[in-house]
Amino acid sequence: MPLQKIGEKGFNIINQSKPRIDGVEKVTGRARYAADYYMDNMLYAGVLRSKYPSARVVSINADKARAIEGVEAVVTCFEIPKKRSWAMYHYLTDRVRYAGDCVAMVAAESQELVDEALEAIEVEYEELPGCFTIEEALAPDAPTVNDEYPDNIFTPSHFKLRKGDVEKGFAEADLIVEREYTTQFIEHSYIEPEAVIAYEDPNEGVMTVRASSQNPFFSRRYIADILGVPMNKCRLIQEFVGGTFGGKEEGVGVMIGRASWLAHITHRPVKLVFSREDSFLESSKRHPFKLHYKAGVKKDGTLVAFEGTQIDNCGAYNNQTQFMNWRASVHSMGPYVCPNVKTDTFGVFTNNIHGGAMRGYSSPQLIFGQEQFYEEVAEELGMDYIDFKRKNLLDDGKLSATGTVCKDVTIKELMERTIEQTDYQRKHEEYKNQTSKRFRKGIGICTAYRGCGLGNESPDASGTFIIANADGSVMVNTGTAENGQGLRTAFSQIAAEALGVRYEDVAFYGTDTHTIADSGMTVASRGTVMGAQSVKKAAEKLKEIMLNNCYAIQAIPIEEVEDAYGLDHGTMNYAGFKPHDIELRDSEFFFKRYPKVKIPFSKVTDICTWGGRPLAAYEWYMPRPLYQDHETGQGEAFPTYSYEVVVAEVEVDTRTGYVDVTKVTASHDVGTAINPALIAGQIYGGIAMGQGFVVTEDVAPNKGIVKNKNFDNYIIPTAMDVPEMTVNIFENANDSEGTFGAKSVGEPATEAIGAAIANAVYNATGRRIRNNPCDLESVLLGHKLTK
């Protein structure tokens, strides 16, 4: 079988839990984030938000604000020359589309003065009708949220999946099951709120910004956009990012635009830092989905037809919905084999806080519905759910929903290992028949897969520049960004492995748009699996350069080699060797056939520095082409897939509805474990995030108004809540698509957790939670309380 233990691939640097490059700085508090920057003559900034979800600004009187001593700039939506950004978001707007839209901004000598000035601004609004649910947005007489889409359907986000003849499949089915599920808005809840500082620097261009930006090059566009200058006059320096999970993309870009404009008109540095309430009101949320699934099966459990409609609530603006929905379309029936498939996925605009990229990028929502749905199908058949999975899960040689012939599929092997480890089947049967009236145990399973990298969503290319310094130290510079996930460490290990130097000799600093080419966004768990391909490629090129350098300068002394092997002097000479006869490993050069004599990498780099020889390499990686038909969704969507199996165990208090997640066992095929400790950390965090998604978290806007704007009433799991965790990391012996065979793990770590817990709650209570989350109301009452 393709699954194997970590370490069997024979690597030298990767496959090891090397300490994080930035670990010491972070745990000692020395790491500097954007909010930690202070500059001489710096101003503070803030924004005024509308309290109405749908309105028109009739007038703004800012005279009182401007009269406050220490207030240096007040800009209203009627005064800013460019209201709408290059994307759909507005820097400032006079047409409010959600409660949180910004209508004015202020720069002042202190944050207290900013707050005072914002309170002094008088705004007259004309309230307008709004729509807040998917059903309201699709109603024939619904108010239009965005003029470009009068029916509120975001047409670029509509993706179809068509395989076989679904009507014929349903006609052949012995049983047809149809269900509907919904999910909610979820806050990212990163520890660091958004922060930017913008300042003019003539030596660097028109404007420089330091920011907690997930995608520095993407964010740089907002500087150029609002100032109307070319990108080579705009510099974005990424500082340490205290978590993002997809939330510090467009939202931080708009902040950067606002701060840049204020810095431009005041000619002073401007710092804009969100409060937690600001972050809740402007950062994008995980898209809520309405999922309608219908399946046709034979009596033996074979899936013969699947039909689905997946509609997501975009909120007021588009935040990558078209890209997310393409992925949702590809994964719209889960990791199962079915000859006849028809699904439609699209988004609709509402007058809510906007949905956006969040860890999982549609998968947690879809899997929550799919894995409960298939368990319901098996139950309707009177069939054991594990047997249903054994019959229908993807396998080598089978056709996926997009018509791709599957290879190197490990999901069944992962499942068998995990159910045996957890004693799943015995416990599941026992808990179905338990007699306890109050505290009831449950166990649930989820099998899932995820396309690695961007796939056909957009080109998964990247570039990397690697320099060897005179002292033998190495610097890695790439446009793919560290966002707290450990990318600096993983990339340094990959560079060290490919180049042949020690991990400790490699440094990788934050991304600076003035020093390297744009490598696309750091999203879709692409950083290691595909983003690091250019790191490997550049390191391999530099290794070739250094082997040639070593040979050319005859760095390895022939006489010492002869002495080490008891040969007469003159027996050997460089004419008998070629550059490829030399090896570089652990920062030492040696002849492959005569490894006793080693020369430090630093000696060669020093000689080459003074000799004018090349010590750097730049490489661009472009993945192999993937072809997919846009009308049918048929074709190769991704180069490879990650597979995961999660078993969750719960105890439910039927008197209060409290769900205690007691244990989670997560098994993952990670391809190649670049750094096992980092992978385990991703999975532990993913389990906690998945627990919050399905048990406690719900932004729950009421007629567009967000009430829970801080962690006093938006509940995330704490150390007191998280379960016992067992993490199983497996490598794939055959899959070589990713960097050194690596696969995605950041999002697979969380996407299957919610569904496993939901199935466990059903096993404990006999109550199916089709409307997420499985909170006290749903578990105890079977429905949400009307608000």
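Description of the structure in this document.

Rules behind the numbers
- Residues numbered from 1 in each chain as written.
- Predicted model: local features only at pLDDT ≥ 70, side-chain atom pairs only at ≥ 80, totals over all residues.
- Heavy atoms only, no water.
- Pairing = 2+ DSSP bridges.
- Helix = DSSP H or I, 4+ residues; strand = E, 2+ residues; numbered from the N terminus.
- Buried < 20%, exposed > 50% of the residue type's maximum accessible area, 1.4 Å probe, protein only.
- Patch = residues over 30% accessible without salt bridge, like charges linked within 9 Å, V, L, I, M, F, W, Y side chains within 5 Å.
- Areas by Shrake-Rupley, 256 points an atom, 1.4 Å probe, with all protein chains shown as cover.
- Salt bridge = Lys/Arg side-chain N within 4 Å of Asp/Glu carboxyl O.
- Right-handed = clockwise from strand over helix to strand, strands pointing away.
- 1 Å grid on protein atoms, 1.4 Å probe; cavity = no way out; pocket = protein on both sides within 12 Å on 5 of 7 lines; lining within 4 Å.
- Points joined across faces, edges and corners; volume = space filled by probe spheres on them.
- Nonpolar A, V, L, I, M, F, W, Y, C, P; charged D, E, K, R; others polar.
- Arc of directions from axis to C-beta.
- Contact = heavy atoms within 4.5 Å.
- Phe/Tyr/Trp six-rings, centres within 6.5 Å; stacked < 30°, edge-to-face > 60°.

Here we look at the sheet that holds strand S7 (residues 122–127)
Within a sheet, each strand pairs with its neighbour through backbone hydrogen bonds, oriented either parallel or antiparallel.
Right, so step 1: Pairing in this open sheet of 3 strands is antiparallel, and the strands run S5-S3-S7 from one edge to the other. Whereas interior strands pair on both sides, the edge strands pair on one side only; in this sheet they are strand S5 (95–96) and S7.
Right, so step 2: For strand S3 (residues 55–61) and S5, the ladder comprises 2 bridges, and the chain directions are antiparallel. In the sheet register, alanine 55 faces S5, and the bridge partner there is valine 96.

Things to note about the side chain of threonine 343
Right, so step 1: As for its placement among the helices and strands, threonine 343 is situated in strand S17 (residues 341–349).
Right, so step 2: The class of threonine 343 is buried, set by a relative accessible area of 0%.

Some words on a nonpolar patch on the surface
Right, so step 1: On the surface, Tyr618, Trp620 and Met622 cluster together into a nonpolar patch covering about 300 Å² of accessible area.
Right, so step 2: With respect to the element layout, methionine 622 can be found in the loop between strand S26 (616–621) and strand S27 (641–653).
Right, so step 3: By relative accessible area, which is 52% here, methionine 622 ends up exposed.

Comments concerning the pairing of S17
Right, so step 1: Among the 9 residues of S17, 8 are classified as buried, and the element is accordingly described as predominantly covered.
Right, so step 2: In the sheet, strand S8 (residues 153–163) pairs with S17 via 7 bridges, with the strands oriented antiparallel. Residue pairing in the sheet places phenylalanine 154 in a bridge with glycine 347 of S17.
Right, so step 3: Taken together, the 9 bridges between strand S16 (residues 303–315) and S17 define a ladder with parallel strand orientation. Bridging across to S17, glutamine 310 finds its partner in threonine 345.
Right, so step 4: Taken together, S16, helix H9 (residues 321–330) and S17 form a β-α-β motif whose crossover is right-handed.

With respect to empty space enclosed by the protein
Right, so step 1: As enumerated under the stated definition, the model contains 5 cavities of 30 Å³ or more in all.
Right, so step 2: Around the largest cavity, the lining residues are His331, Gly334, Pro335, Ser363, Leu366, Ile367, Gln370, Glu371, Thr447, Ala448 and Tyr449.
Right, so step 3: The volume enclosed by the second largest cavity comes to roughly 50 Å³.
Right, so step 4: Residue lining of the second largest cavity: Tyr89, His90, Tyr98, Gly100, Asp101, Cys102, Arg258, Glu282, Tyr317 and His354, and that is the complete set.
Right, so step 5: For the lining of the second largest cavity, the class distribution of residues is 4 nonpolar, 3 polar and 3 charged.

A few points about unusual backbone geometry
Right, so step 1: Look at the link from asparagine 772 to proline 773: it is a cis peptide, with omega at 5°.
Right, so step 2: With respect to the element layout, proline 773 can be found in the loop between helix H21 (753–765) and helix H22 (776–781).
Right, so step 3: Positioned with a positive phi, serine 362 is a non-glycine residue whose angle comes to about 100°.
Right, so step 4: Among the structural elements, serine 362 can be located in the loop between strand S18 (355–356) and helix H10 (363–381).
Right, so step 5: Not every positive phi belongs to a glycine, and lysine 703 is a case in point at roughly 55°.

Overview of the pairing of strand S29 (residues 724–732)
Right, so step 1: Note that strand S1 (residues 3–4) and S29 share 2 bridges and pair antiparallel. Its bridge partner being in S29, leucine 3 is matched across the sheet by asparagine 732.
Right, so step 2: Bridge count between strand S28 (residues 658–669) and S29: 7 bridges; the pairing is parallel. Bridge pairing in S29 links histidine 668 to isoleucine 729.
Right, so step 3: At this point the chain moves from S28, through helix H19 (residues 676–696), to the parallel S29, and the crossover so formed is right-handed.

Some details on helix H18 (residues 601–611)
Along an α-helix, residues three or four positions apart point the same way, because every turn accommodates 3.6 residues.
Right, so step 1: Among all positions in H18, only Phe601, Val604, Thr605 and Cys608 are buried. Looking down the long axis of H18, one finds its buried residues gathered within 95° of arc, a one-sided arrangement.
Right, so step 2: Buried residues along H18 sit against strand S20 (462–468), strand S21 (474–478), helix H16 (533–552), strand S23 (582–585), strand S24 (588–591) and strand S25 (594–600).
Right, so step 3: Glycine 612 sits one or two residues past H18 and shows a positive phi near 75°.

Let's talk about the packing of aromatic side chains
Right, so step 1: In this structure the tally under the stated criterion is 33 aromatic pairs.
Right, so step 2: Aromatic pair phenylalanine 218 and tyrosine 222: ring centres 6.2 Å apart, planes at 65°, arrangement edge-to-face. Of this pair, phenylalanine 218 and tyrosine 222 both sit in helix H6 (residues 216–227), 4 residues apart, which is roughly one turn of the helix. Like phenylalanine 218, the residue tyrosine 222 is buried in the burial classification.
Right, so step 3: Between phenylalanine 577 and tyrosine 594, the aromatic rings sit 6.3 Å apart at their centres with planes inclined by 75°, giving edge-to-face as the arrangement. Placement of the pair is phenylalanine 577 in the loop between helix H17 (558–564) and S23 and tyrosine 594 in strand S25, with a sequence separation of 17 residues. Side by side, phenylalanine 577 and tyrosine 594 carry an identical accessibility label, which is buried.

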